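Results of the structural survey
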Amino acid sequence: DAGVIQSPRHEVTEMGQEVTLRCKPISGHNSLFWYRQTMMRGLELLIYFNNNVPIDDSGMPEDRFSAKMPNASFSTLKIQPSEPRDSAVYFCASSLPGARGTDTQYFGPGTRLTVL
Amino acid sequence: EDKVVQSPLSLVVHEGDTVTLNCSYEVTNFRSLLWYKQEKKAPTFLFMLTSSGIEKKSGRLSSILDKKELFSILNITATQTGDSAVYLCAVRRQGAQKLVFGQGTRLTINP
């Protein structure tokens, strides 16, 4: 099992540029989560999908952030335009179908984003 | 708003010591509490607790939940340098998939 795959692993960009982060969940998992981790705020949920449908995007900081899941094996998180305060590690996680509240989320290796 | 508070935020001990990490929470309609270990990259799952008083154990790690007092502890016995990591606690509501994480405890094991 390859686990959750994220790309790129590192991204350095300049303020104002568009950034696209990519995630491939574990095969067979029907839920996908995007998190952001910073020293100040810890690990925060941005958005999650069930069966490719966005369920809760209340954690998305502002309109500059958007996420899509066009199919069961791929999701993107886009930031346009990027700002220095977006610098963080962005994790994608996926989980198996099961009774809600008892599924375990498996995390990808993360993308470290630096916006100059 | 759901809230998770971990303590201590940082802990340094010697190899072989036993450590106890704490997690207290406030959540509406509690369903489960999860512990993760984060080394240099992704958090990896350790335990999920849903019932009070039932200890979950994996090797030198164990964890227990107290739903009355709203806290959980993670114990690590005979610590090794490989246990050095940030330990994260997260909670989830009934019928929900969203996890709310604490700030984590950074554990350092010195040889």
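Residues numbered from 1 in each chain as written. Chains lettered and ligands numbered in written order. Predicted model: local features only at pLDDT ≥ 70, side-chain atom pairs only at ≥ 80, totals over all residues. Heavy atoms only, no water.

**Details of the interface of chain B and chain A**
Between chain B and chain A, the contact holds 19 residues from the first and 25 residues from the second. Between chain B and chain A, roughly 1,800 Å² of surface is buried when both sides are summed, and carbon and sulfur atoms account for 51% of that area. Considering only the side of chain B, the residues that lose the most area to chain A are Gln97(B), Lys98(B) and Phe101(B), jointly responsible for 32% of the buried surface there. For the interface between chain B and chain A, the tally reads zero salt bridges. Where chain B meets chain A, there are six residue pairs in polar contact (both at pLDDT 80 or more). (Contact = heavy atoms within 4.5 Å. Buried area = accessible area lost by both parts, 1.4 Å probe. Salt bridge = Lys/Arg side-chain N within 4 Å of Asp/Glu carboxyl O. Polar contact = N/O pair within 3.5 Å; in protein donor to acceptor, adjacent residues only side chain to side chain.)

**Comments concerning the state of the cysteines**
This structure, assessed with the given rule, holds two disulfides over all chains. One disulfide bridge connects Cys23(A) with Cys92(A), the sulfur atoms lying 1.9 Å from each other. Between Cys23(A) and Cys92(A), the disulfide has an S-S torsion of -70 degrees and is therefore left-handed. Highlighted residues: Cys23(A) in strand E3 (residues 19–24) and Cys92(A) in strand E9 (residues 88–95), separated in sequence by 69 residues. On the accessibility criterion, Cys23(A) (1% relative accessible area) is buried. Cys23(B) shares a disulfide with Cys89(B); S-S distance 1.9 Å. Between Cys23(B) and Cys89(B), the disulfide has an S-S torsion of -70 degrees and is therefore left-handed. Taken together, the positions of Cys23(B) in strand E3 (residues 19–26) and Cys89(B) in strand E9 (residues 85–93) put the pair 66 residues apart, joining distant regions of the chain. Cys89(B) carries the same exposure label as Cys23(B), and that label is buried. (Disulfide = S-S within 2.5 Å. Helix = DSSP H or I, 4+ residues; strand = E, 2+ residues; numbered from the N terminus. Buried < 20%, exposed > 50% of the residue type's maximum accessible area, 1.4 Å probe, protein only.)

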